[in-house]
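Here is how the chains run, residue by residue.
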Amino acid sequence: MERPAIEGGRPVRETNLFYGHQYIDEADIEAVTGVLRSDFLTCGPKITELEKRLCELTGAGYATAVSNGTAALHIACQAVGIQEGDEVITTPITFAASANCALYCGARPVFADIDSQTYNIDPARVAEKITDATKAVVAVDFTGQAAPLDELLALCREKGIVLIEDAAHSIGTRYNGRPVGSIADITTFSFHPVKTVTGGEGGAVLTNNRELYTKINLFRAHGITRDETLMRHPSQGGWYYEQIALGMNYRMTDIQAALICSQLDKLELFGRRRREIVERYNRAFENIPEVFVQKETEKSDTVRHLYILRIRPERLTIDRRQFFDAMAAEHICCNVHYIPVYRHPYYESLGYEKGLCPEAERLYDEIVSLPLYYSMTDQDVEDVILAVKKICEYYRKS
Ligand SMILES: *Cc1c(COP(=O)(O)O)cnc(C)c1O
């Protein structure tokens, strides 16, 4: 069902450009094959190395590698004791996992609307949603730009609730000069292939709190411990372990950990290139009256994961859907991040209704995610800009 490029003419490029792609080099491949030739495929030295690297990178006291970012969020909620009857406040403009983690624990996700300029959760809207049942806020660093952590932390401290930072987009980002990972009570990462650093799948849970760390570790592996200080009964011998809580198997393999460690060697490089592309996009789009550029906040020194282009439908003869299709006809394959979580049918079935977060719903109607990844060439970047310009000019409202 390919639409012809506009003016019946040639598309700006001949081959499809996708919105995200992992970058794997020979060092990554060697790191993985090294594990395959070694004694440990899981629970081995690469896990320990990755956890140490994450602490060094972020300044967090403790890091726990887990199977994926969703598991990381589930563990975070479990570790802070979220349960039935509790409420967890999060943003609607995120991947469903940021809210699903509350549901896994029997709690109710509560959606607080976003700031219309930064697209991050708005602390004033969070404050309005806090009740006696609120146990935690799951703040998402949307696109890689840190959420307003100062305001959220102050609010959480005042109300005695926990701040969980879903940093799936923001590895490498700094807030007030401090790396993401050491700021909130718990921070979670994802290493899915579209994220800045990948392990195929993978995640991590970071905290400075030793008590939380112990719970996080337990929950990762069945609630089982070999630590005698945690056991309820005296050890019966060298084989002995105890299950002292109900946990999951959320372990990461050493194969993934080796790949992530090797990718972390390139985080600076990845971050720099992403920054370059974002700056090039910003410069081009700031001069196009038919679109908005996402506002950057001063406190966040951002490694950008997503580039969101917001169209101004009142200045165009087409809507977002047609804009998305027109980009595809130019062979630029965009995406949309995100459908407001509570607009999914499953959430509708739980009683959430349209109109809950008007800013989020409006944003969703006006955005496309443009290609942004390390290995894009300068020509790829120019093609994207050309396509946006061409479409805006052609469909400009006179
Ligand atoms: C990717 C993502 C997750 C989930 O991570 P997985 O590793 O895919 O489970 C959670 N939250 C946000 C904001 C994400 O982008």
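Further up the page is the structure itself.
Asker: Please clarify how the site of the ligand should be interpreted in this entry.
Answerer: Every one of the 16 residues lining the ligand counts as a neighbour, but Gly-69, Thr-70, Asp-166, Ser-190 and Lys-195 are closest to it. Contact distances for the ligand include 2.7 Å between an oxygen atom and a backbone N or O atom of Gly-69. Take Tyr-338: an N or O atom from its side chain is 3.2 Å from an oxygen atom of the ligand. Contact with the protein chains removes 92% of the 380 Å² of surface that the ligand exposes when unbound. Looking at the shell around the ligand, the elements that each hand over two or more residues are helix 3 (69–79) and helix 4 (97–104). Among the elements that line the shell around the ligand, the one with the most residues is helix 3, at three residues. Considered class by class, the residues forming the shell around the ligand number six nonpolar, eight polar and two charged.

Asker: Mind showing me how you'd approach the packing of helix 10 (residues 320–329) against helix 13 (residues 378–394) here?
Answerer: Two packed helices can be described by the angle between their axes and the distance between those axes. At a minimum axis distance of 10 Å, the contact between helix 10 and helix 13 shows a crossing angle of 130°. For the element pair helix 10 / helix 13, the angle class is oblique. For the pair helix 10 and helix 13, the sense of crossing is right-handed. Along its contact with helix 10, which presents Phe-323, Ala-326 and Met-327, the element helix 13 presents Val-384, Ala-387, Val-388, Ile-391 and Cys-392. A breakdown of the residues in the contact of helix 10 with helix 13 according to their chemical character gives eight nonpolar, no polar and no charged.

Asker: Explanation requested: the packing of aromatic side chains in the structure shown.
Answerer: Where two aromatic rings form a pair, the distance of their centres and the angle of their planes describe that pair. Considering all chains together, one arrives at 16 aromatic pairs under this definition. Ring plane angle 20° and centroid distance 4.6 Å describe the contact between Tyr-62 and Tyr-213, whose orientation is recorded as stacked. Here the residue Tyr-62 occupies a position in strand 1 (residues 62–66), and Tyr-213 occupies one in helix 7 (residues 210–220), the gap between them amounting to 151 residues. We classify Tyr-213 as buried; its relative accessible area is 19%. When the ring centre of Tyr-364 is taken as reference, the NZ or CZ atom of Arg-320 above it lies at 4.6 Å.

Asker: Would you mind going over the sheet that holds strand 4 (residues 134–140) with me for this structure?
Answerer: Within a sheet, each strand pairs with its neighbour through backbone hydrogen bonds, oriented either parallel or antiparallel. What the seven strands build is an open sheet, ordered 1-9-8-5-4-2-3; its pairing is mixed. Two strands lie at the open edges of the sheet, namely strand 1 and strand 3 (108–111), each paired on one side alone. Across the sheet, the mean angle separating the axes of adjacent strands is 20° when strand polarity is ignored. Pairing analysis gives five bridges linking strand 8 (residues 186–190) to strand 9 (residues 203–207), with the strands arranged antiparallel. Paired with Phe-189 across the strands is Ala-204, a residue of strand 9. Of the strands in this sheet, strand 2 (87–90), strand 3, strand 4 and strand 5 (162–166) touch helix 4, which is tilted by about 145° from strand 3.

Asker: Any chance you could explain the pairing of strand 3 here in plain terms?
Answerer: One face of the sheet, then the other: side chains in a regular strand alternate in exactly this way. When strand 2 meets strand 3, the two strands line up parallel, connected through four bridges. Within strand 3, the position partnered with Ile-89 by the bridge is Val-110.

Asker: Before we go on, may I ask you to explain helix 3 in this structure?
Answerer: Residues spaced three or four apart along an α-helix face the same direction, because each turn holds 3.6 residues. Most of helix 3 is tucked away, with nine of its 11 residues classed as buried. If you check which residues of helix 3 are buried, you get Gly-69, Ala-71, Ala-72, Leu-73, His-74, Ile-75, Ala-76, Cys-77 and Ala-79. For helix 3, the N-terminal cap is Asn-68; the gap from its side-chain oxygen to the backbone nitrogen of Thr-70 is 3.0 Å.

Asker: Please clarify how the side chain of His-305 should be interpreted in this entry.
Answerer: By secondary structure assignment, the location of His-305 is in the loop between strand 13 (300–301) and strand 14 (307–311). Residue His-305 is classed as buried on the basis of its relative accessible area, which comes to 4%. Not counting residues within four places of it along the chain, the set of residues in contact with His-305 comprises Thr-143, Gly-144, His-169, Val-194, Lys-195, Thr-196, Arg-274 and Leu-372.

Asker: Please explain the environment of Leu-350 as it appears in this structure.
Answerer: Along the chain, Leu-350 falls in the loop between helix 11 (345–349) and helix 12 (358–366). Along the sequence, Leu-350 and Glu-286 sit 64 residues apart, while their C-alpha atoms lie 41 Å from each other. Discounting chain neighbours no more than four positions away, the residues touching Leu-350 are Leu-103 and Arg-108.

Asker: Could you clarify how one ought to interpret the pattern of salt bridges in this entry?
Answerer: All told, the structure shown has 26 salt bridges when counted by the stated rule. Put simply, Asp-383 and Arg-13 hold a salt bridge, and the shortest N to O gap is 3.0 Å. On the criterion of sequence distance, the pair formed by Asp-383 in helix 13 and Arg-13 in the segment before helix 1 (26–36) is long-range, its members being 370 residues apart. When its relative accessible area of 11% is taken as the criterion, Arg-13 is described as buried.

Basis of the calculations
- Numbers given to residues run from 1 along each chain, matching the order in which its sequence is written.
- Since the coordinates come from a predicted model, pLDDT governs what is reported: local features require at least 70, and pairs of side-chain atoms require 80 or more to be given and counted, while whole-chain, interface and lining totals use all residues.
- No hydrogens and no water enter the side-chain calculation; it runs on all heavy atoms of the structure.
- Throughout this document, a residue counts as near a molecule or strand when at least one of its heavy atoms sits within 4 Å of that molecule or strand.
- Polar contacts, as counted here, are pairs of nitrogen or oxygen atoms within 3.5 Å of one another; within protein the pair requires one atom able to donate a hydrogen and one able to accept it, and residues that are adjacent in sequence qualify only if both atoms are side-chain atoms.
- For the accessible areas, the method is Shrake-Rupley and the probe is 1.4 Å, while residue cover comes only from the protein chains on display.
- Each helix is a run of H or I in the DSSP string that is no shorter than four residues. Each strand is a run of E no shorter than two, and both are numbered from the N terminus.
- Following the grouping adopted for this structure description, the nonpolar residues are Ala, Val, Leu, Ile, Met, Phe, Trp, Tyr, Cys and Pro, the charged ones are Asp, Glu, Lys and Arg, and the polar ones are all others, Gly among them.
- Helix axes are fitted to C-alpha atoms over the stretch in contact, other axes to C-alpha atoms as well, and angles between N-to-C directions run from 0 to 180 degrees.
- To sort the angles, those under 35 degrees are grouped as roughly parallel, those over 145 as roughly antiparallel, those from 65 to 115 as roughly perpendicular, and the leftovers as oblique.
- Handedness of a crossing follows from how the near helix is turned relative to the far one, being left-handed for an anticlockwise turn of less than a right angle and right-handed for a clockwise one.
- Note on contacts: a residue pair qualifies if any of its non-hydrogen atoms lie within 4.5 Å across the two residues.
- Here a pair means two rings of Phe, Tyr or Trp (six-membered ring of Trp) with centres within 6.5 Å. Their orientation is stacked below 30 degrees between planes, edge-to-face above 60, and tilted elsewhere.
- For every residue, the accessible area obtained with a 1.4 Å probe (protein chains only) is divided by the maximum for its type, and the residue is called buried under 20%, exposed over 50%, and partly exposed between those limits.
- Lysine and arginine charges are scored as sitting over a ring when NZ or CZ, respectively, is within 6 Å of the ring centre and within 35 degrees of the ring normal.
- Paired strands, in this sense, are two strands between which DSSP finds at least two bridges.
- In the sections that follow, a salt bridge refers to a side-chain nitrogen of Lys or Arg positioned within 4 Å of a carboxyl oxygen of Asp or Glu.

Coordinates in, geometry out; function isn't part of it.
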